[in-house]
Amino acid sequence: ERARRLFQEASGSVALAPELLAAAALAAAAHRDGTLAQAVLAKLPEKPTQEVAVGVLRMYSEGLLKGSIIDLWEKQLAGSAVLSDVRVAKLVADAAFKCQRADVLGRLLSAEPVGSGHAALVKAFGAEGRAKDARKVFEACPEKSTVLYNTLLDICVDGRDLEAAEHIMAQAVAEGMADAVTYNTMIKKHLQRGDFRAARAAIETMRTAGGSLAPNCVTFNEFIDAAIRTGTKPAWDLVEEMKACGLKPNGVTCSILLKGVQQSSAPGDVERALALMESLEEPMDEVLVSSVCEACIRAGRADSLKRALRRIRGGATTVAVMGAHTFGSLIRAHGFLGDVSGAWTAWKEMRSLSVIPTSTTIGCMVEALASNGNPEAAHRLVQELSGEEQTRPLLNATIYGSILKGFSHQKHFAKVWSVYKEVLAIGLEISLATCNTLLDACARSGELERIPTLLQDMAHRGIEANVVTYSTVLKAYCADGRLNMAFQVLEEMKASKNMQPDEIAYNTLIDGCARSCWYDRGVALLREMEQRGVTPSVYTLSVLAKLASRCRRPKQAEQLCGEVARKHNIRLNVHAHNNLVAAWTQQGYMREGFEAFERMLHDGVSPDVRTYTLMLRGCVAAGDAESAAGLLRAATGLRGMPVRISMFSQKLQLRGGLPYDLVDEVLDGIATKCYDGRLAQQLRWDLKGAAGGSVQQPRGGRTGGR
């Protein structure tokens, strides 16, 4: 009303200023005031300015004016330039397409010199997936600029219209309108379809052209981003090539390389990426901060993460962080390192800057607390945030799931159940992950009676159990010796339409059979597993050996493992070999135990502490002092190991040394059970003179001087 009154007062003048007309038109559009719109229309001059024309078309877009927009633009706005406002320009262009008025489109685009407005209109149609209309706008432009070519080329590439992209590229090159951006866009297109040869050819063309067309950082970063998916070596080769071209890798380059760091990455890849980051002359940005934190966490490199955090948060290189996502990465990094104090510092800094956390940021802080043994603090934090208007809607079941998991690991089932009830009271949507966490808590705390109720609750809420759900329940029942219930769960999985028992489910049940000495049922599970096309793994071999060992059938352990290993081409690991050794030694068959030990060495598998524990205790129990002494010497790198295994001397010495308590137990056994005190004393002297690290330090400061 005030705008209407002011305009009415000003209308007494003979001619209204264009600025006033434009402001009134925009006010009418903003408030959807038809009366004011008509008043503005009545005062239009013969040739309105661009600002006035834009305002009037805005009124039309809000439904305040009737009739044809083309008539309005042609007759009342005298074909004024309106490309400064892409929204109203698109209204006119859309009407021109609908009425097949190519002349209107041409005049719209010719009303002002070709510039950013033309490119913005092309881009607007492309953003709606209307590549053909974008192409029509491009063709109707009286002149074609490099920016126009690049805009249309980008639309073709994003729409994966490769034929059109190549045509536009050829046209731009022929017209002398191609620049480095044009070539980079085409390189992006080639890389999208995995055509590295074509991308490489485009780079060579840019190199040959030189000058402003020479490859730049964007060119190489696009290529590195595609190459990192195939492996780190091709990506690093491109970095070296980039340097050879006189280009310095930038923060984007580092972020791309860090994105390629995974759990399986070689330590050198992490170090090279960090070294490259540290060599940057430009300051780190928040994207790079998040990238380096996440990469080190994925790779499990605590040492590299500590180094990176010192650079990010220390001294002259401190990065000013303002984004909630980046704070989340920093909090997660400190949590990964077990640095709860550092996580709190980052959280408090974020809050002091009035940065509103995201659900992910809150989740990172809660996880940092709960996973480091303080779910109580995590719960308190969530309760505080639930009392704040801005953060209350950000809380979700995943965040509460971290608290549930924290209490579950501490076996505080009462608190687990209390938090679960709190989640239900708040009305948060329960996720499958939350249900699986609760089932795991039941398993850890021995609250198995609650499992059926939880499964019923899941079904009532329409939450479909997955393999993790069933595996958790199977493990719980097997660990508690409730094998009949475990087998019922297996039958439910087999009857399910959406999932079938996997290798983990079968391995869990076979392990349960081993615990209860159900040999025939365990072997039957193996046969069923193979019949259903579930391929056994090396872990299957390990539990099969354990099954036969617990059931006092060492021969069957060797036969079963050998058969399955050959059939499925599985190489036994140290755990499977140890269970085969245990199958013999724990029954007192030391000759066969040594044979199993030798097969382990022939397979190229180095013994671990458990291997030596089994062999040494078996020798002492059998009264074989010489063999026990020989194994002690082999494990600690002393001379005098048994001749039959001397060829494996490099594999025999145990990294990190034998536990002091085990050595003490064996020496006592040699003296008191094998009745060879002299040998035991000699071994004590020899072990005292051995190189450091052959025997672990004793607990509580004890020394082996008895």
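As the structure is a computational prediction, the values presented were derived from the model and not from experiment.

A. Geometry of the overall build of the protein chain. Check the secondary structure of the protein chain and you find 40 helices and zero strands. Scaling as 2.2 N^0.38, a compact globule of 706 residues should have a C-alpha radius of gyration of about 27 Å, whereas the protein chain reaches 37 Å, well beyond that. Taken along the three principal axes of its C-alpha coordinates, the protein chain extends 125 × 65 × 55 Å. Scored against the burial criterion, the 706 residues of the protein chain give a buried share of 49%. Nonlocal contacts in the protein chain, meaning residues at least 24 apart in sequence, comprise 64% of its contacts between residues at least 6 apart. For the protein chain, the exposed surface amounts to about 34,200 Å²; the carbon and sulfur share of it is 50%. Averaging the positions of the 84 positive and the 78 negative side-chain charges in the protein chain gives two centres separated by 5 Å.

B. The packing of aromatic side chains, seen in detail. Inspection of every chain in the model, using the stated rule, returns eight aromatic pairs. For the ring pair Phe-413 and Trp-417, a centre distance of 5.7 Å and an interplane angle of 25 degrees mean the geometry is stacked. In this pair, Phe-413 and Trp-417 are both assigned in helix H25 (residues 413-426), four residues apart and thus about one turn of the helix distant. An angle of 65 degrees between the planes, with centres 6.2 Å apart, marks the rings of Phe-597 and Tyr-612 as edge-to-face. Separated by 15 residues along the polypeptide, Phe-597 in helix H35 (residues 590-602) and Tyr-612 in helix H36 (residues 609-621) bring together distant segments of the chain. On the basis of relative accessible area, Phe-597 is assigned to the buried category, the value being 0%. Aromatic rings pair up to connect Phe-413, Trp-417 and Tyr-420 into one cluster. Positioned above the aromatic ring of Phe-138 is the side chain of Lys-144, whose terminal nitrogen or guanidinium carbon lies 5.6 Å from the ring centre. Between Arg-521 and the ring centre of Phe-487, over which it is positioned, the NZ or CZ distance is 3.9 Å.

C. The state of the cysteines, seen in detail. For the structure shown, the criterion picks out zero disulfides. In this model Cys-254 remains outside any disulfide bridge; the closest cysteine sulfur is found in Cys-217, 11 Å from its own.

D. Focus on the domain arrangement of the protein chain. Here the protein chain is described as being made up of domain 1 (248-320), domain 2 (321-428), domain 3 (430-498), domain 4 (502-605) and domain 5 (621-687). Taking only C-alpha atoms, the centre of domain 2 and the centre of domain 5 are 51 Å apart.

E. Summary view of the UniProt feature "repeat: PPR" (unreviewed entry) in the protein chain. The UniProt record marks residues 179-213, 323-357, 431-465, 466-496, 502-536 and 573-607 with the feature "repeat: PPR" (unreviewed entry), using the residue numbering of this structure. Across residues 323-357 one finds 74% helix and 0% strand; the C-alpha atoms that close the span lie 9 Å apart. Across residues 466-496, helical content stands at 84% and strand content at 0%; the span's end C-alpha atoms are separated by 10 Å.

F. Spatial organisation of the nonpolar core. Residues Met-59 and Val-292 are the most contacted members of the largest nonpolar core, which totals 199 residues. If you tally residues by element for this core, the top one is helix H18 (residues 286-299), at eight residues. In this structure, Val-292 is in contact with Leu-258, Leu-274, Met-277, Met-284, Ala-308 and Ile-312, ignoring residues within four places of it in sequence. Membership of the second largest hydrophobic core comes to 41 residues, among which are Val-574, Cys-619, Leu-638 and Leu-662.

G. Region of interest: the UniProt feature "domain: PROP1-like PPR" (unreviewed entry) in the protein chain. Under the local residue numbering, the UniProt record ascribes the feature "domain: PROP1-like PPR" (unreviewed entry) to residues 343-455. Across residues 343-455, the secondary structure splits into 71% helix and 0% strand, with the terminal C-alpha atoms separated by 36 Å.

H. Representation of the side chain of Glu-530 in the model. With respect to the helices, strands and loops of the structure, Glu-530 is situated in helix H31 (residues 519-531). A relative accessible area of 16% places Glu-530 in the buried class. When residues no more than four places from it in sequence are discounted, the contact partners of Glu-530 are Pro-536, Lys-567 and His-568.

I. Spatial organisation of the packing of helix H20 (residues 324-336) against helix H21 (residues 340-352). The contact between H20 and H21 brings their axes to 7 Å, and the two run at 165 degrees. The pairing of H20 with H21 is recorded here as roughly antiparallel in orientation. Between H20 and H21 the crossing geometry is left-handed. Along the contact surface, H20 presents Phe-327, Leu-330, Ile-331 and His-334, while H21 presents Gly-342, Ala-343, Ala-346, Trp-347, Glu-349 and Met-350. When the residues that make up the contact of H20 with H21 are grouped by side-chain class, the tally is seven nonpolar, two polar and one charged.

J. Structural detail: the pattern of salt bridges. By the definition in use, this model includes 50 salt bridges. For Asp-71, the salt bridge goes to Lys-75, with nearest N and O atoms at 4.0 Å. Separated by four residues within a single helix, Asp-71 and Lys-75 lie in helix H5 (residues 69-76), roughly one turn from each other. You can call Asp-71 partly exposed: its relative accessible area is 35%. Of the residues examined, Lys-75 reaches a relative accessible area of 63% and is grouped as exposed. Connected through salt bridges with shared partners, the residues Lys-90, Asp-94, Glu-128, Arg-130, Asp-133 and Lys-136 form a single ionic network.

K. Highlighting the packing of helix H4 (residues 50-61) against H5. Remark: H4 packs on H5, axes separated minimally by 11 Å, with the N-to-C direction vectors making an angle of 160 degrees. Our classification of the angle between H4 and H5 gives roughly antiparallel. Crossing angle aside, the handedness with which H4 passes H5 is right-handed. On H5, the residues touching Val-56, Leu-57 and Tyr-60 of H4 are Ile-69, Leu-72 and Trp-73. Broken down by class, the residue content of the contact of H4 with H5 amounts to six nonpolar, no polar and no charged.

Rules used throughout
- Residues numbered from 1 in each chain as written.
- Predicted model: local features only at pLDDT ≥ 70, side-chain atom pairs only at ≥ 80, totals over all residues.
- Heavy atoms only, no water.
- Helix = DSSP H or I, 4+ residues; strand = E, 2+ residues; numbered from the N terminus.
- Rg over C-alpha atoms; globule rule 2.2 N^0.38 Å.
- Buried < 20%, exposed > 50% of the residue type's maximum accessible area, 1.4 Å probe, protein only.
- Contact = heavy atoms within 4.5 Å.
- Areas by Shrake-Rupley, 256 points an atom, 1.4 Å probe, with all protein chains shown as cover.
- Lys, Arg positive; Asp, Glu negative; His and termini not counted.
- Charge placed at Lys NZ, Arg CZ, Asp CG, Glu CD.
- Phe/Tyr/Trp six-rings, centres within 6.5 Å; stacked < 30°, edge-to-face > 60°.
- Lys NZ or Arg CZ within 6 Å of the ring centre and 35° of its normal.
- Disulfide = S-S within 2.5 Å.
- Domains from an automatic or database assignment.
- UniProt positions renumbered as here; feature names shortened; annotations may be inferred.
- Core = buried A, V, L, I, M, F, W, Y, C linked by side-chain atoms within 4.5 Å.
- Axes fitted to C-alpha atoms, helices over the stretch in contact; angles between N-to-C directions.
- Parallel < 35°, antiparallel > 145°, perpendicular 65-115°, else oblique.
- Left-handed = near helix turned anticlockwise from the far one by under 90°.
- Nonpolar A, V, L, I, M, F, W, Y, C, P; charged D, E, K, R; others polar.
- Salt bridge = Lys/Arg side-chain N within 4 Å of Asp/Glu carboxyl O.

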